[in-house]
Structures are given as C-alpha cells and as structure tokens.
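Structural features, examined
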Amino acid sequence: MKNIYNSAKIILTSLSLTLCLSACDDDFMEPDSLSTFDNNYIYSNVDDARNGVNAIYSYFNQDAFRSRLSNNMAGNTDIEHQSGWSSNGDRYQIWNLDALPSNRDLDIVWTYAYQAIRDANISIEGITNSGNLENEDETVRKTMHQLLGEAYTLRAYWYSMLIYYFGDVPYVVNAPVAGDDFNLPKTDRNTILSGEIQKLIEVEENMLWADETRFGVEQVNREYTLGMIARLSLQRGGYYLKPDLSQARASDYKEYYTIARDYAKKLMDLKDRPLPTDFRQIFLNNVTFQTPVNSEILFEVPFSLNSGDVGWNIGIEVEGGPTSSHNYGSGNNYMAMPVTYYFSFDTLDVRRDVTCGLYRINADFEPEFIDGPMNISQGKWGRHLLETPPGASTAKSTGINWPMLRYADVLLMYAEAENELNGPTSEAQNALRRVRQRAFEDTDWAEKVDQYINNISASKDSFFEAIVNERAWEFGGEMIRKYELIRWGIYSEKMEETVEGLKQLADEAYNGTTDLPDYMYWKLDEEGNFTILNPNSRVVAPPDDTWNQVPFLLDLHDDTTTYDEWILRDWENYINGPNPGVARYIFPIPTIAIENSQGTLQNDGYGF
C-alpha cells in the first residue's frame, strides 16, 4: 500500500541543464536536494544514479502529463469525448483539432517532453560511461542495468507522444554539452520509433521484473518495457498522417508487427499471470493505493498524496466544497462517454457498469443520476472511494495513481499482431479469449466467449474488427483509444460512425420506435444504494412512484436543430476537416519552439 512516507513519489521540481542530484533518500523519485556534483560523480554510485534517473520521472507530475497527455488531450474518440467548438481556450482548441501555434497546452507538452528526454539522455550517458554496467558487484551491476532500462523506456514514451501530436520532430539522443548545436531539424517519425524500439530491445533482458524492484509497478520494470516494445512497434507499423493530409503506412510495417507479436509473446512466456477476475478491483486498487505485482497493471505513475489529477478531472463527478456535508472535496469529469459507447456493450458484460458512470455524488454525499446522456463519466475512478477523505475544499492532487499499461493490453496486442501476420490463429483466439472470459460470468462463456470468438474468427478482417471493439470495451476511460484509432487509420471513420449512431438513437427515441431507454428510472434503495430500473431497455412506466424519471435518449433530440448541437459539432473537424474523411490530429509546433530554433523548425504542411 502506498503512503506518503514510504512509497514512490514524484519529485515536484523540474531540473535544469546545469543542476544534478545529491544522495538518495528513502523515497523513490524524490531527491533530497540539488547538487553541483558533475555526472561522473553522480553515476559512479548506485544511490546517486537512482536519483539521476528519478529526475526523468518528475515530468509525470507536470501538467504536461498529469492533466494533459494522461487524459485531457486524448479525446475526442468514439468512446471518450468533450466539446471543443464552444470556446477558444487552449484545451478546447485541441479537442476541436484546430489549435494555434500559440496554444499554451501544446507548449507545455513540447517543453516538458524535451526536458524529460534531456534528463534521460544525461542518465543514459552517465550510466553507460560509469563502468558500473560491468561492475564486479552483482547488485551494483544489476541495479545500473535496471536504471539504464528505465531511462531508455521513459525516453521512448515521450518520443511516442511527441510523434502522435506533432509528427516528425527533432531526435535528440545525446546528453547536452556546452558548444553543441541544439537547434536540430526534424527527423522522420519512423526513424525515431525504429531507434527507440531497438534501444529497448537491447536493454530489456538486463532489467528487473516488478517483483524484483523496490517499488514494483510504481517504477518502470521489465514487464513494462517489454509491453512498450510491442506498443511502440504497433505505432511504427501503423498508419500515420503525412504533411499533405493523406494517410500512409511504411512498406516494412509487417516487420514491426512481428516485433510486437514476438515481444508480447516473450512477456507472456516469461512472466505470464492470470488476469484478476474482479474487473472493478483493478481500478479500486488505484483509488485505495494498492499496487500488487504479478497482476494486471504493469506500470502506473506513482502520484504522491499531494499531486495527481485522477479523481479531479477524470472519474466520477463529486460535488464538494466548504458547504458540502462530506470531506471528499470536488471532482470534475472533463471527458464523457458517448451514449453510443454505453449501448455498444453486451448487457452481460461486467465491464460496462465499471467503465460507464451513470451517477454522480452530490453535496450530501448521495449518488444521483447524471445530467443527461452526454455526461456519462469514467466510472473506473472516483475520489469518493478514497479511504481517507482529503478535505471538503480539496480538488486536485488526490494521489490516485494512473495506469500506464495493463496485462490485458499485452494479450490483445499479441492477438492483433498475430492476426495481422497469420490471420485468426488459435494463438490469437486464445489471447482474446483470456480477456473476454473476464468480462462475463463463466456460465455465459459458451455463448459470449467461445461462440463469439468462433464467429468472429471467420476471417482476418472480422477478427481485426473484433479486436477494435474489444479494446474499446476493455480500455474505456483509460485514454489510449486516440492512439489506436490513429495507428489503425480509422480515426475519422469511427468519428463518423459515432455521430451517425447518436443521430439514430435520437431519431428512434423521438419517433417512439426505440427498444432502448428513452427515459431512465432510478432511486436509492433501502440501503442507500443507487439503482437503475431500466439500464438496458425502454419501459412504459415504473412499477411505483418511488422511482425518479429522467430523460435519457430523448435528450439527444432538439426541436430546432433536430439533434443536440454537441452531436453536430463535437466531431465535425474529425470528419470534415481540411481533408474530409481524414482526421487532422497533428498539431503545430509551438511558436516559442519555432522562434528558438533559429530557423531550423517551421510549421510546414498539415494545412497550417
């Protein structure tokens, strides 16, 4: 269990080029103070080298990650969305795919990504030159190899994000040295990804498993690095947006699907684990600071008890403040779940009611129905589930960790890559089966798992579509869908499907032809539990007057515009942008980066 005294904590200070770190204290990722010792000293011993690598983790506690990359910037998709057209604010520009080079959020991400990369390069150089990778002391040698793997893996993460948001970017792989030319030109994204994948392949075998490290899944470990090799390889082998706003895929893409398959399989062979049977508990562990190893989550960002935005800008909405009757504070929900996503689930799929929150917590600390079908929240997390109330006036900084990679993801990456290479083989089917079995009671496996998999395995294409759907149902609210739609080349297509699906739901409800809930009925039962009478179907009337009636699918209709304006406008630029049918998800390089590059960088292409 994590607590503020003895667990992994993100340091709160961004490190400059000229500052290094002193001796390590008892807290992972939190150095005592800044030091003037040079790199030769710092990486000459395990404790100071640990603190040097800790500096790279610090950027997870900057807004660039904790409220931007981890959730806010990862919409809109077919399963997570927010309105962008209603404001000119920075985050709204990003949601609307129409951000200006002056956008502060983009500047924050660009700046801190390169600071993290800089600190990773400093650690990589320091560890490599220290001689400790060949130290006679086995503990020193193993620790230094682990630290090197952490540095490379964290660097690869930031390059992956830069590429998804900016396309081709400068590729910096050396520690800064006075007199160097820091104004590097852009490097082709595929070159960067290939380089980062190769480095991870070189270091992973010398890394430690989570159960061998001091902080388990709260620090980068071999499981996560193996999973990242697969994830980056699928990104490298996937589609990407070219400056002329067409989509392309490198001719060698199957080589990277092979790497993805092989390294997902390597993890499955070397460190397999059963999937926890209780899907809800995976995320309840985040909220209650439980971090089991050899379980579902391979790596999670370890926010301290005074940092992190999970349960503030993502999760179940909680109405708090000094006048509320509870001490859990306030929690918003910047990303909602489209109601089309809610109804895409099989009604027996246990993941739906964990993932899609149909309730909020009011100021009296009672659950009540959400305000309409556009406010379905990410139900996997909620500050109201914290074991210790953080205070009535609190908001941000819940300390709830953020999951970066789960074992179910590895299984589905394996199934996807194997299918791409060889079709829906028995190996691909079995990997999908393991994930899908958890979603249903074992009494339903014959129909919902075995028969389902048999049906969708008729062809490579149908199996791929099943993977697309399964990943939606499994990872809703975890804000990775955007990157999947990009690499699959179906971003715009899925947005159009979502809009048309919402229109159909609205039409059927308005015309009285729907079998789905035009109204929903809810109440608190005698034990105070939130209960919905008809989560799956339309009812003519409730059985008695104890039920509260709220418009649901009828709320999608508008008498003036036919459909609610958000349906018509939230995804419009994803469907009919500068190149209709192709989502322009690439953003301009920030103005300050352009200006500081002394003419090396410019925003060319992509309709900028």
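The shown structure was predicted, so the numbers you read here are calculated from the model rather than taken from an experiment. (Residues numbered from 1 in each chain as written. Predicted model: local features only at pLDDT ≥ 70, side-chain atom pairs only at ≥ 80, totals over all residues. Heavy atoms only, no water.)

Moving on, we get to the sheet that holds strand β13 (residues 519–524). Strands sit in the order β14-β13-β15 across an open sheet of three strands; the sheet is antiparallel. Edge positions in the open sheet fall to β14 (530–532) and β15 (548–551), since each of these has one partner strand only. Between one strand axis and the next, the sheet turns by 30° as a mean value, whatever way the strands run. Alignment of β13 against β15, held across four bridges, turns out to be antiparallel. Residue pairing in the sheet places tyrosine 519 in a bridge with proline 551 of β15. (Pairing = 2+ DSSP bridges. Helix = DSSP H or I, 4+ residues; strand = E, 2+ residues; numbered from the N terminus. Axes fitted to C-alpha atoms, helices over the stretch in contact; angles between N-to-C directions.)

A few words now on helix α9 (residues 253–270). In this model, α9 (18 residues) spans 26 Å end to end at C-alpha, consistent with the 26 Å of a helix rising 1.5 Å per residue. The complete set of buried residues in α9 reads Tyr253, Tyr256, Tyr257, Ile259, Ala260, Arg261, Tyr263, Ala264, Lys266, Leu267 and Met268. (Expected span 1.5 Å × (residues − 1). Buried < 20%, exposed > 50% of the residue type's maximum accessible area, 1.4 Å probe, protein only.)

This next bit is on empty space enclosed by the protein. The full count for this structure, using the stated rule, is five cavities of 30 Å³ or more. The computed volume of the largest cavity comes to approximately 330 Å³. Lining the largest cavity are 25 residues, and of these Met161, Arg231, Met404, Ile480 and Tyr483 sit closest to its centre. Of all the secondary structure elements, the ones that give two or more residues to the lining of the largest cavity are α3 (63–69), α6 (138–166), α8 (222–237), β12 (402–406), α13 (407–422) and α17 (481–488). Here the element with the most residues in the lining of the largest cavity is α8; it accounts for six residues. A per-class count over the lining of the largest cavity returns 16 nonpolar, three polar and six charged. (1 Å grid on protein atoms, 1.4 Å probe; cavity = no way out; pocket = protein on both sides within 12 Å on 5 of 7 lines; lining within 4 Å. Points joined across faces, edges and corners; volume = space filled by probe spheres on them. Nonpolar A, V, L, I, M, F, W, Y, C, P; charged D, E, K, R; others polar.)

Here we come to the nonpolar core. Judged by nonpolar contacts, the single largest core of 175 residues is most densely connected at Phe60, Phe65, Tyr157, Trp158, Tyr165 and Trp402. Per-element accounting of this core gives the leading share, 17 residues, to α6. Among residues more than four places away in sequence, those in contact with phenylalanine 65 are Tyr59, Phe60, Ser70, Tyr157, Trp158, Val301, Phe303, Trp402 and Met404. (Core = buried A, V, L, I, M, F, W, Y, C linked by side-chain atoms within 4.5 Å. Contact = heavy atoms within 4.5 Å.)

Of all residues in the protein chain, 94% have pLDDT values of 70 or greater, and the mean over the chain is 93. Confidence over residues 3–36 falls short of pLDDT 50; this stretch has 101 contacts with residues more than four positions distant or in other chains. (pLDDT = per-residue confidence, 0-100.)

With that settled, consider the pattern of salt bridges. Within the structure shown, the criterion is met by 51 salt bridges. Between lysine 199 and glutamate 202 there is a salt bridge, with the nearest N and O atoms lying 3.7 Å from each other. Taken together, the positions of lysine 199 and glutamate 202, both in helix α7 (residues 189–203) and three residues apart, correspond to about one turn of that helix. Taking the relative accessible area as the measure of exposure, lysine 199 reaches 30% and is therefore partly exposed. A network of salt bridges, in which partner residues are shared, links Glu296, Asp349, Arg351, Lys380, Arg406, Arg436, Arg438, Glu470, Glu474 and Glu478. (Salt bridge = Lys/Arg side-chain N within 4 Å of Asp/Glu carboxyl O.)

We now examine unusual backbone geometry. In this chain, glycine 75 is followed by asparagine 76 through a cis amide linkage whose omega measures 5°. Note on placement: asparagine 76 falls in the loop between α3 and α4 (90–95). Of note in this structure, serine 397 is not a glycine but carries a positive phi near 65°. The topology assignment puts serine 397 in the loop between β11 (377–378) and β12. For threonine 562, which is not glycine, the phi torsion reads 75° and is therefore positive. Its location among the elements puts threonine 562 in strand β17 (residues 562–563).

As a further point, take the layout of surface pockets. By volume, the largest pocket is sized at about 760 Å³. Ranked by the residues each element gives to the lining of the largest pocket, the list is headed by helix α5 (residues 104–129), at seven residues. Partitioning the lining of the largest pocket into residue classes produces 14 nonpolar, six polar and four charged. In this structure, the second largest pocket occupies an estimated 420 Å³ of space. Considering the residues around the second largest pocket, the lining is formed by 22 residues, among which Arg280, Asp353, Val354, Cys356 and Tyr359 are closest to the centre. When residues of the lining of the second largest pocket are traced back to their parent elements, those giving at least two are α10 (279–287), α12 (351–355), β8 (356–357) and β14.

Attention now goes to the pairing of β12. On a regular strand, one side chain projects to one face of the sheet and the next to the other, so that they alternate. Here β12 lies mainly inside the structure; five of its five residues are buried. Pairing of strand β7 (residues 297–301) with β12, which is carried by four bridges, proceeds in the antiparallel orientation. Pairing of glutamate 300 across the sheet is with proline 403, part of β12.

On to the packing of aromatic side chains. Here a ring pair, both rings aromatic, is described through the centre-centre distance and the interplanar angle of the planes. According to the stated counting rule, one finds 35 aromatic pairs in the structure shown. Summarising the aromatic geometry, the rings of tyrosine 159 and tyrosine 171 are spaced 5.1 Å apart at their centres and angled 80° between planes, so their arrangement reads as edge-to-face. A residue pair is termed long-range when its members are at least 10 positions apart, and tyrosine 159 in helix α6 and tyrosine 171 in the loop between β3 (169–170) and β4 (186–187) qualify at twelve residues. The exposure class assigned to tyrosine 171 is buried, which follows from its relative accessible area of 19%. Among the aromatic residues, those joined into a ring-pair cluster are Tyr342, Phe343, Tyr359, Phe369, Trp522, Phe530 and Phe552. Residue placement shows arginine 249 over the ring face of tyrosine 253; its charged tip is 3.9 Å from the ring centre. The cationic tip of arginine 436 hangs over the ring face of tyrosine 452; the distance from NZ or CZ to the ring centre is 3.6 Å. (Phe/Tyr/Trp six-rings, centres within 6.5 Å; stacked < 30°, edge-to-face > 60°. Lys NZ or Arg CZ within 6 Å of the ring centre and 35° of its normal.)

A word on the environment of leucine 556. Assignment of secondary structure puts leucine 556 in the loop between β15 and β16 (557–558). Expressed as a C-alpha distance, the spacing of leucine 556 and glutamate 420, which sit 136 residues apart in the sequence, is 38 Å. Residues in contact with leucine 556, not counting those within four places in the same chain, are Val339, Pro373, Leu502, Leu505, Ala506, Thr562, Tyr563, Asp564, Trp566 and Ile567.

Once that is clear, we can look at a negative patch on the surface. Taken together, the side chains of Asp461, Glu465, Glu493 and Glu496 present a region of like negative charge at the surface. Only α16 (460–475) and α18 (491–511) provide two or more residues apiece to the negative patch. Summarising the element assignment, aspartate 461 is placed in helix α16. (Patch = residues over 30% accessible without salt bridge, like charges linked within 9 Å, V, L, I, M, F, W, Y side chains within 5 Å. Areas by Shrake-Rupley, 256 points an atom, 1.4 Å probe, with all protein chains shown as cover. Lys, Arg positive; Asp, Glu negative; His and termini not counted. Charge placed at Lys NZ, Arg CZ, Asp CG, Glu CD.)

Let's shift gears to the side chain of arginine 236. Considering the arrangement of structural elements, one finds arginine 236 in helix α8. Side chain to side chain, arginine 236 and serine 194 meet in a polar contact 2.9 Å long. Excluding its chain neighbours within four sequence positions, the residues that come into contact with arginine 236 are Asn190, Leu193, Ser194, Ile197, Ala250, Asp252 and Tyr256. (Polar contact = N/O pair within 3.5 Å; in protein donor to acceptor, adjacent residues only side chain to side chain.)

Turning to the packing of α8 against α13, a few remarks are in order. Here α8 crosses α13 at 45°, and the two axes come no closer than 10 Å. The orientation of α8 relative to α13 falls into the category oblique. In this structure, the crossing between α8 and α13 has a hand that is left-handed. Facing Gly227, Ala230, Arg231 and Leu234 of α8, the residues of α13 in contact are Asp409, Val410, Met413, Glu416 and Ala417. Looking at the contact of α8 with α13 residue by residue, the class counts come to five nonpolar, one polar and three charged. (Parallel < 35°, antiparallel > 145°, perpendicular 65-115°, else oblique. Left-handed = near helix turned anticlockwise from the far one by under 90°.)

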